[in-house]
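Results of the structural survey
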Amino acid sequence: ATPAEAGYQAGGSPLAGEPMYQSANPKAPPMTQAEFDLGRKIYFERCAGCHGVLRKGATGKPLTPDITLAKGTDYLKVFIAYGSAAGMPNWLTSGEMNEKEVDLMARYIQQDPPTPPEFGMEQMKATWKVLIPPEQRPTRKMNGYNIDNIFSTTLRDTGEVALIDGDTKKIINIVKTGYAVHISRLSASGRFLYVIGRDAKVNMIDLWMEKPDNVAEIRVGLEARSVDTSKYKGFEDKLAIAGSYWPPQYVIMKGDTLEPLKIVATRGMTVDKQEYHPEPRVASIVASHFRPEFVVNVKETGKTLLVDYSNIDALKTTEIGTARFLHDGGLDSTHRYFMVAANQSNKIAAVDLKEGKLARLIDVGKIPHPGRGANFVDPQFGPVWLTGHLGDDTLSLIGTDPKGHPKQAWTVVRTLKGQGGGSLFQKSHPKSNHLYVDTPLNPDPKISQSVAVYDVRHLDQGFTVLPIAEWAGLSDDGAKRVVQPEYNRAGDEVWFSVWSAKNKQSAIVVVDDRTLKLKAVIKDPRLITPTGHFNVHNTQHDIY
Ligand code: DHE
């Protein structure tokens, strides 16, 4: 059909030439159907992560038409173009949107949000592929790699992971995965690696193959962030789980093929006001070592679900009310407690996975963001777990030893000062005396391109700054961020990504943990936009 014909079919005036979007709200500014479709795509890729698919708000403010119509197109355009101190990106001045797109998005968010389709068993099965069935896979390790020390590095903007040999620092393979890959996790045996993309595509990689590669894949929704595998005795390598942002649900799959077995919706009531929320997204998931359970954190309702996978036909779930806006977290050093950040609530919830109950909700700094956090022994207060913050320059140390240090347990025993706000990941290791803190989202390039290191035996002595991006020796001086410390298997090296734009050179910088000196720089034209990296052994055993 010509544009005029299509416009006529769509109920618009054939004279207008372009089909118009039929808005349900007469007050919404006009848009053509093509503009609306583009707005929908841009919103999904750029905005939904913070504001939610239904625009109910989470990290970002709610953007429902009752709010946006009152602000009007001109006001919204300024906000989109220049951003805000509260964390809204400056889409125009950063070059990521042009004037036309800014105008289009300002009009788009005044329309009623279109509800994306659901994604049930039929849709999942249609995307499910077993590339190499279990019986055709190797029966023993077919390569000479020290699998324990392989790193799976997210190549964010190419939809791939780089498998890097931690011993030789050489790339083993670049494996195609989902769009804007997010995290990698390991099966209990350490043989299978599971990767999830923001497009909710899960890839399963067999590390025993001569050249490790995909053996199965599936899409579990339209948008997702988390994946993990069953770790309890007797269930090793048996099951996998993936949680999605849209639709709000999680799915339990067979560990060897990714065959979807059981889908559970997370829609329901919020923990505090007990109001219905239509889009409670699944944030972090971790497998319990104490029971056959997955710990599923539901963001907008503020609930931590302990999902008993021992009989998924009679699924038992313990629902623990924690706090709204659950995001990332990790286990304490004994693996008994899951420490999860309720980021916009400025709290950490300590969940007891042995007893199946909340140990305590702890007030911390502004917008805690631990990644998985860092465990070490404070010389004064005993075992602690630490989180950094996006919204301030502090680090909160929380006591995690109720038996040995009951007074300190589940309280902030110490607050350290870091380089600045904008920290995403902090890391330590049982074999190391150091604590590393990144600050990739700090506005000052000096801070976003370096990391702070503390000696955990002398926390009052402050930190040393390592100029990681400078050590990478990249030829151009484009924007770059240093992100996510990760130890090697031995706990004597720490890896960082120097994350540059897609068309610029990036690198991985390896630091000698004992001397805090540069040990190696990994550069390769295939290392495009590296972000997270996951050491097989440390990820498999939850060592951090
Ligand atoms: Fe992440 C973990 C969600 C942006 C790198 N990220 C997580 C987890 C969640 C999450 C729910 C916990 C998973 C788990 O443990 O099961 N991340 C989100 C978002 O919603 C957000 C804010 C926006 C978005 O649109 O996705 C977001 N994340 C980012 C990034 O921009 C980062 C820095 C770079 C990138 O690769 O996209 C990033 N997120 C990571 C990493 C982890 C992570 C590296 C895993 C940390 C670990 O040590 O396990």
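Residues numbered from 1 in each chain as written. Predicted model: local features only at pLDDT ≥ 70, side-chain atom pairs only at ≥ 80, totals over all residues. Heavy atoms only, no water.

**As for the site of the ligand**
- With respect to spatial proximity, 21 residues lie near the ligand, and among them R156, H182, R225, Y245 and T531 are the closest.
- At 2.9 Å from an oxygen atom of the ligand is found a side-chain nitrogen or oxygen belonging to R185.
- Mapped onto the shell around the ligand, the elements with two or more residues apiece are β5 (181-186), β9 (223-229), β15 (282-287) and β35 (530-535).
- For the shell around the ligand, the per-class residue count stands at eight nonpolar, eight polar and five charged. (Near = heavy atom within 4 Å. Polar contact = N/O pair within 3.5 Å; in protein donor to acceptor, adjacent residues only side chain to side chain. Helix = DSSP H or I, 4+ residues; strand = E, 2+ residues; numbered from the N terminus. Nonpolar A, V, L, I, M, F, W, Y, C, P; charged D, E, K, R; others polar.)

**Structural notes on helix α4 (residues 73-82)**
- Those residues of α4 lying buried are L76, I80 and A81. Along the axis of α4, the buried residues cluster in a sector spanning 130 degrees; they form a single face. Exposed side of α4, more than 90 degrees from the buried face: D74 and Y82 are the residues found there.
- In this fold, the buried residues of α4 make contact with α3 (65-71) and α5 (99-108). (Buried < 20%, exposed > 50% of the residue type's maximum accessible area, 1.4 Å probe, protein only. Arc of directions from axis to C-beta. Contact = heavy atoms within 4.5 Å.)

**Some words on the sheet that holds β15**
- Strands sit in the order β15-β16-β17-β18 across an open sheet of four strands; the sheet is antiparallel. Strand pairing shows two members of the sheet lacking a second neighbour, β15 and β18 (316-321), which therefore form its edges. Each strand of the sheet is rotated relative to its neighbour by a mean of 20 degrees, with strand direction disregarded.
- By the bridge criterion, four bridges tie β15 to strand β16 (residues 293-298) in an arrangement that is antiparallel. Residue pairing in the sheet places A287 in a bridge with F294 of β16. (Pairing = 2+ DSSP bridges. Axes fitted to C-alpha atoms, helices over the stretch in contact; angles between N-to-C directions.)

**Examining the packing of aromatic side chains**
- In this structure the tally under the stated criterion is eleven aromatic pairs.
- Through pairs of rings, three or more aromatic residues link up here, namely Y21, F36, Y43 and Y108.
- Just above the ring of Y245 sits the side chain of R281; from NZ or CZ to the centre is 4.6 Å. (Phe/Tyr/Trp six-rings, centres within 6.5 Å; stacked < 30°, edge-to-face > 60°. Lys NZ or Arg CZ within 6 Å of the ring centre and 35° of its normal.)

**Considering the UniProt feature "domain: Cytochrome c" (unreviewed entry) in the chain**
- Cross-referencing UniProt, the feature "domain: Cytochrome c" (unreviewed entry) maps to residues 34-113 in the present numbering.
- End C-alpha to end C-alpha, residues 34-113 measures 16 Å, and it is 56% helix and 0% strand. (UniProt positions renumbered as here; feature names shortened; annotations may be inferred.)

**Some thoughts on the pairing of strand β12 (residues 260-265)**
- Bridge count for strand β11 (residues 249-254) against β12 is five bridges, and the pairing is antiparallel. Counterpart to M253 in the pairing with β12 is P260.
- Turn length for the β11-β12 hairpin, with the two strands adjacent in sequence and antiparallel, is five residues, and the turn residue L258 shows positive phi of about 70 degrees.

**Concerning unusual backbone geometry**
- Cis geometry marks the peptide bond from W246 to P247, where omega comes out at -15 degrees.
- Here P247 shows up in the loop between β10 (239-246) and β11.
- For A200, which is not glycine, the phi torsion reads 70 degrees and is therefore positive.
- By secondary structure assignment, the location of A200 is in the loop between β6 (192-197) and β7 (201-206).
- We classify A200 as buried; its relative accessible area is 0%.
- Unusually for a residue other than glycine, W410 sits at a positive phi of about 60 degrees.

**Let's talk about the pattern of salt bridges**
- Inspection of the entire model under this criterion finds 28 salt bridges.
- A salt bridge links E35 to R107; its shortest N-O distance comes to 3.0 Å. Taken together, the residues span a long stretch of sequence, with E35 in helix α2 (residues 33-51) and R107 in helix α5 at a distance of 72 residues.
- Here E493 makes a salt bridge to K519, at a shortest N to O gap of 2.9 Å. (Salt bridge = Lys/Arg side-chain N within 4 Å of Asp/Glu carboxyl O.)

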